[in-house]
Amino acid sequence: MPAIAQNARIDTIKKRLDLSRLPAHVAIITDGNGRWAKRRGMPRIYGHGEGYKTVRQIVRDAGEIGIRVLTLYVFSVENWKRPKTETDALMRLIEQAARSELRELHENNVQIRFLGRREGLPDSLIAEMDRATAQTAKNTGLILNLAVNYGGRAELADGVRSIARKVAAGEIDPEAITEETIAAHTYAPDLPDPDLLIRTAGEMRFSNFLLWGSAYAEFWVTQTLWPDFTTELLADAIVDFQGRVRKFGMVVDP
Ligand code: IPE
Ligand code: IPE
Ligand code: MG
């Protein structure tokens, strides 16, 4: 899209939002690629390719809207239970995407990070992930977290293991363990918790995404399948979010 048309489109979207009260951290369960392809009589991996195009658009637009942190659920630890043909194709797609998007993301000042377990991922993908992370580490624009081989329970298990090691080494007193200790041992301890958690394709579940951080996230679900998701729908979710009263357990007068 030409830059002028892109700017006009983003300006229209921004006018719908209270820019002083944007969610700092938006997390998305990008679901429905398989169903999107199936409805068209195409193989599931075709849907993943279309989903990748949506990722490109949403990342670009989220940054322009002014979102600080965007976390996308790309591949869960449970997704290894899928047929090998699909997981192989997904690994290739993620690697190719990381390689071909790096330059533009870097030019747009995006800081790329990965959340998840490295073990089990192909070495060539890990190399691309490390390259993208290192090259963009000092960027100050949108922080893009890509959850690859991610599980919310795996994240907590990894954190508990590292706390236990410190307890065994005498660095942490077990009696002094608080919620802050656990938060400090998650995959991205320096980032704010998700404020808005979006799920596409209609399912009303977390599927093991960001279990610790989403304790008080506002949940927003659309029936739209991920390849059909748009920035207009992202804006719908933000408008809805801005109309909600977040109480965090307190009594808040409307
Ligand atoms: C989400 O789409 C992408 C990944 C899990 C990698 P799905 O592949 O889960 O699509 P559906 O849920 O089968 O439609
Ligand atoms: C969640 O979707 C994982 C990703 C979007 C990567 P799934 O499609 O794996 O979740 P379930 O199996 O429907 O719960
Ligand atoms: Mg799914």
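Relevant structure appears above.
Residues numbered from 1 in each chain as written. Chains lettered and ligands numbered in written order. Predicted model: local features only at pLDDT ≥ 70, side-chain atom pairs only at ≥ 80, totals over all residues. Heavy atoms only, no water.

## Concerning the site of ligand 2
Defined as follows: Definition of nearness: a residue and a molecule or strand are near each other if at least one heavy atom of the residue lies within 4 Å of the molecule or strand. Polar contacts here mean pairs of N or O atoms no more than 3.5 Å apart (in protein, one a potential hydrogen donor and the other a potential acceptor; neighbouring residues in sequence count only if both atoms are side-chain atoms). Shrake-Rupley sampling with a 1.4 Å probe provides the accessible areas, and residues are treated as covered by the protein chains on show and by no other component. The helix and strand labels rest on DSSP assignments: H or I over at least four residues marks a helix, E over at least two residues marks a strand, and numbering proceeds from the N terminus.
The environment of ligand 2 is made up of I29, T30, D31, Y73, V74, F75, N79, R82, R199, R205 and S207. One of the side-chain N or O atoms of D31 is found 3.2 Å from an oxygen atom in ligand 2. R82 is positioned with one of its side-chain polar atoms (N or O) 3.3 Å from an oxygen atom of ligand 2. Taking 390 Å² as the accessible area of ligand 2 by itself, protein coverage stands at 78%. For the shell around ligand 2, the element with the most residues is strand β2 (residues 69–76), which contributes 3 residues.

## Considerations on the pattern of salt bridges
Put simply, the rule is: Here a salt bridge means any side-chain nitrogen of Lys or Arg lying within 4 Å of a carboxyl oxygen belonging to Asp or Glu.
One pass over the structure, following the stated rule, counts 26 salt bridges. One salt bridge in this structure joins R131 and E128, with 3.2 Å as the shortest N-O distance. Highlighted residues: R131 and E128, both in helix α5 (residues 123–136), separated by 3 residues, approximately one helical turn. Linked by salt bridges that have partners in common, D31, R35, R199, E203 and R205 make up one network.

## A short note on the site of ligand 1
In the vicinity of ligand 1, the contacting residues are T30, D31, G32, N33, G34, R35, R44, H48, V74, N79, R82 and L90. Within the backbone of N33, one N or O atom sits 3.1 Å away from an oxygen atom of ligand 1. Here an oxygen atom of ligand 1 sits 2.7 Å away from a polar atom, N or O, in the main chain of R35. Isolated, ligand 1 exposes 380 Å² of accessible area, and the fraction of that covered by the protein chains is 87%. Secondary-structure elements contributing two or more residues to the shell around ligand 1 are α2 (33–39) and α3 (44–65).

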